[in-house]
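Coordinates in review
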Amino acid sequence: MTNSVLLMDSARDFSAALSIAQGQHWPLMGPEFGGFIHSGPIWFYLLAVPLLSGSLWLSAFMIGLLAGLKFLLAFYLGKAWFNRRFAVLWSACFLLPGWHSINTFIPGHINVIDTLVLAFVASLWQFNQSKHIGWFYLSGLLLALAMHAHMTALIAGVFYLPILWHMRHHLRFWHVFVAGLLFLVPFVPYMVSQWLDGMGDWIRWQALSREVDQARRGLSGVDASFLSAFSGNLQALMVGGLQRMQGFVASVWPTAGIVFWVLLSSLVALAVGYWGYSLLTKKGFRPLQTKVFITAGALLLIGLAMITVLRSFTPFYMLFVLTPLLTFIWAWCLSLGGQLPHTLTVLSVSVLLVLGALPVAALQKAVYDGQVHLGPLGNVRQAVNTDWQTDNNTLDALTVSQVDDWATFLCRQNSQVHGPGAALLDLLSALPVKLVCPDNPVLLGGKPQAGYHQYLLMHRSFWAQSDRHPNQWITPAWGVSENIELINSHAALQAAEFDDYVHPPRSLRQKQPMQTVHKSFQSNHDSLVVVSHLLPFYTANNIKAVTANGHKVKKLMANIGNSLYYCAACEPGAVTWDFTLQSNDPAALDIIILKKHDP
């Protein structure tokens with residue numbers, strides 16, 4: 001996780017943990033789910049332990065270790081239920097690309113949902129085998145912790161049904177009562193906070209319910225029936241995630257995209273071939289293994305049905321709770337319940353290792369010199385455009401391993417940041433600065449502020465489209481230039497601060513009516529112009545037309561919040577630029593002239 005990409009939720013979690021580590025705040029609530037409910041704060045306090053060292057890298061490393069325990073738990077359960085070959089294959093199937101691959105791209109609480117769900121199942125299995133009541137008590141605590149990874153983990157509670165029935169002669173009411181109390185323990189601080197705050201989440205839930213009801217009345221894009229939504233989610237779970245990951249890999253390395261399909265096809269062909277051999281020789285399909293497979297399939301469908309009814313749309317992360325079941329079914333299909341010969345098992349695991357490495361390698365290349373194209377993720381049933389790998393709906397990436405270098409640079413003096421780096425700093429609530437110099441806030445965009453150094457901070461993917469180099473590469477992917485001129489009339493912004501009851505943090509920012517904004521200014525003919533929308537996820541700033549000396553100018557490079565322009569048709573001398581924009585928040589515009597030569 002040390003090379004994973006920081007997003008808003010990641011920054012929120014690390015910011016809360018950092019406030020604990022620095023002794024500034026002791027939260028009673030944890031991360032927000034669904035826009036109206038929180039978990040307990042245990043995740044924040046867990047992250048705070050490695051942050052006592054001041055190292056975000058160490059905190060992300062801890063997340064990776066906890067997430068990696070799923071491989072050991074899958075091996076343990078797979079060996080207990082089948083054999084060592086199946087156990088190895090089940091562990092390896094967690095590397096099979098899909099929606100869950102994104103869980104390795106972004107650090108956060110949901111990274112550990114697989115580990116905690118499997119730990120919960122393992123505790124029930126141990127109770128079933130040993131009859132020791134302590135394992136049953138532990139299961140209640142583990143289920144609660146899994147729900148702190150994501151509330152959908154409550155679905156795993158269905159595993160209690162067969163245990164309660166099978167162990168009915170060994171369980172007493174007070175056993176269930178104690179397990180229930182342990183389940184509630186991690187939520188106690190949250191319940192206290194709600195009592196102190198006047199049931200804030202309940203009020204938000206009521207307001208959200210009214211908004212959803214109103215939206216549904218006029219929403220035509222949502223599936224009209226449960227069956228169509230369920231079938232769409234099933235297709236997305238089984239096939240859609242694989243397709244999306246292949247598309248992402250192909251957008252970064254076209255050849256690797258072909259290799260992806262070749263390896264996946266080989267894996268499936270191997271499984272089909274062995275299935276055919278087993279049918280012809282009447283080997284395989286033992287009753288117990290078949291029963292386990294059917295049970296796993298039924299549980300997967302039940303879990304997916306429960307997820308489908310939770311919302312009218314299904315974000316990608318809501319499928320993560322099903323990953324252990326999905327990988328179990330893949331492993332069973334690939335090995336016919338652990339009967340695949342040793343040599344073929346080794347071959348299958350090798351293919352899975354390479355398949356799993358492709359999205360991770362593609363991500364590392366994209367964050368270095370490209371853009372991370374994952375397509376729409378808000379609803380897994382949403383159809384994607386055929387050119388989604390090349391659209392501009394991306395944002396530059398900052399990885400955990402780059403944070404220290406950002407912090408070192410930005411904290412050495414008062415910094416006012418412009419361009420792509422400014423938009424990203426606002427999204428992350430200036431997390432790099434909070435780590436090193438929290439009392440020295442960074443300014444974002446706007447006109448020059450006295451006493452502050454002005455910097456254009458831009459990703460390599462933008463620099464590569466220009467004919468110049470930054471004054472300094474503060475990381476291999478991010479370069480800074482001071483050779484700039486600002487075309488801004490509004491005051492600079494300060495980075496957004498996270499709030500327990502307002503997430504995303506600028507959701508309540510006042511928006512003006514959409515208006516046409518004209519910007520006219522001059523530059524040298526060899527200058528570039530960078531236009532940044534500092535708040536691309538909150539307000540609208542759309543560039544409608546750009547001319548330079550009367551010539552229409554096309555973008556050299558763009559993403560969801562930034563555009564880079566150069567007038568190739570302009571002759572030497574002064575160039576008059578004219579920009580026409582539509583905006584409901586002109587203060588979020590940041591226009592920078594990047595000069596040709598350093599002073």
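Notes on the structure follow. In this text the structure is predicted, and so the values were computed from the model without any measurement.

About the criteria used
Once a new chain begins, its residue numbering starts again from 1 and follows that chain's sequence as written. Per-residue local features are limited, in this predicted model, to residues with pLDDT of at least 70; the limit for side-chain atom pairs, both in listing and counting, is 80 or more; totals at the level of whole chains, interfaces and linings are taken over all residues. Water and hydrogen atoms play no part in the side-chain values, which are based on all heavy atoms of the structure. Elements are defined by DSSP. Helices are runs of H or I of four residues or more, strands are runs of E of two residues or more, and each kind is numbered from the N terminus. Residue burial is assigned from relative accessible area. The probe radius is 1.4 Å, only protein chains are included, and a residue is buried under 20% of its type maximum, exposed over 50%, and partly exposed in between. Throughout, an axis means a line fitted to C-alpha atoms (over the contacting stretch in the case of helices), and angles, computed between N-to-C directions, take values from 0 to 180 degrees. These descriptions rest on fixed angle ranges, namely under 35 degrees for roughly parallel, over 145 for roughly antiparallel, 65 to 115 for roughly perpendicular, and the rest for oblique. Note: crossing handedness is left-handed where the near helix turns anticlockwise from the far helix by less than a right angle, and right-handed where it turns clockwise. Here a residue-residue contact requires only that any non-hydrogen atoms of the pair lie within 4.5 Å. In this description, the term disulfide denotes a pair of cysteine sulfurs within 2.5 Å. A pair of strands is treated as paired once DSSP finds two or more bridges between them.

On to unusual backbone geometry. For the peptide bond that leads from H503 to P504, omega is 0°, which places it in the cis range. With respect to the helices and strands, P504 occurs in the loop between β9 (493-494) and β10 (515-524). Phi at N549 is positive, roughly 55°, even though this residue is not glycine. For N549, the location among the structural elements is in the loop between β12 (541-548) and β13 (551-552). Under the relative-accessibility criterion, N549 is labelled partly exposed at 35%.

On to the packing of helix α4 (residues 84-93) against helix α14 (residues 323-335). Each pair of packed helices gets described by two things: the angle between the helix axes and the distance between those axes. Where α4 meets α14, the axes come as close as 8 Å, and the angle between the chain directions of the two elements is 130°. Taken together, the axes of α4 and α14 are oblique relative to one another. Crossing of α4 against α14: the hand is right-handed. Two secondary-structure elements touch here, α4 through F86, L89, W90 and C93 and α14 through P324, T327, F328, W330, A331, W332, L334 and S335.

Under the criterion given, the structure shown has two disulfides. Between C411 and C437 runs a disulfide, and the two sulfur atoms are separated by 1.9 Å. For the disulfide bridge between C411 and C437, the dihedral angle about the S-S bond is near -75°, and by the sign convention the bridge is left-handed. Taken as a pair, C411 in the loop between α16 (403-410) and β3 (415-418) and C437 in the loop between α18 (431-436) and β4 (443-444) lie far apart in primary sequence, 26 residues in all. A relative accessible area of 17% means that C411 is categorised as buried. Across a sulfur-sulfur distance of 2.0 Å, C567 and C570 are joined as a disulfide pair. Across the disulfide from C567 to C570, rotation about the S-S bond amounts to roughly 85°, and the bridge is consequently right-handed. By the burial criterion, C567 is buried, and C570 matches it. Once the bonded cysteines of the chain are numbered in order along the sequence, the disulfide links fall as 1-2, 3-4. Of all cysteine sulfurs in the structure, the one in C333 sits closest to C93, which takes part in no disulfide; the separation is 9.3 Å. Classification of C333 as partly exposed rests on a relative accessible area of 26%.

Our focus in this paragraph is the sheet that holds β3. Spatial strand order, β6-β7-β5-β3-β4-β9: six strands in an open sheet with mixed pairing. In this open sheet, the two strands that pair with only one neighbour each are β6 (472-475) and β9. Note: β6 against strand β7 (residues 478-481), three bridges, orientation antiparallel. Within β7, the residue paired with W473 across the bridge is G479. Packed onto the sheet, helix α17 (residues 420-427) meets β3, β4, β5 (453-459), β7 and β9 and runs at close to 110° relative to β3.

Across the sheet, five strands lie side by side as β8-β17-β11-β15-β14; this open sheet has antiparallel pairing. Each edge of the sheet is formed by a strand with only one pairing partner; in this case those strands are β8 (484-486) and β14 (555-558). Neighbour to neighbour, the strand axes of the sheet diverge by 20° on average, direction disregarded. With six bridges connecting them, strand β11 (residues 528-533) and strand β17 (residues 589-594) associate as antiparallel partners. Looking at β17, one finds that V530 is bridged to I592.

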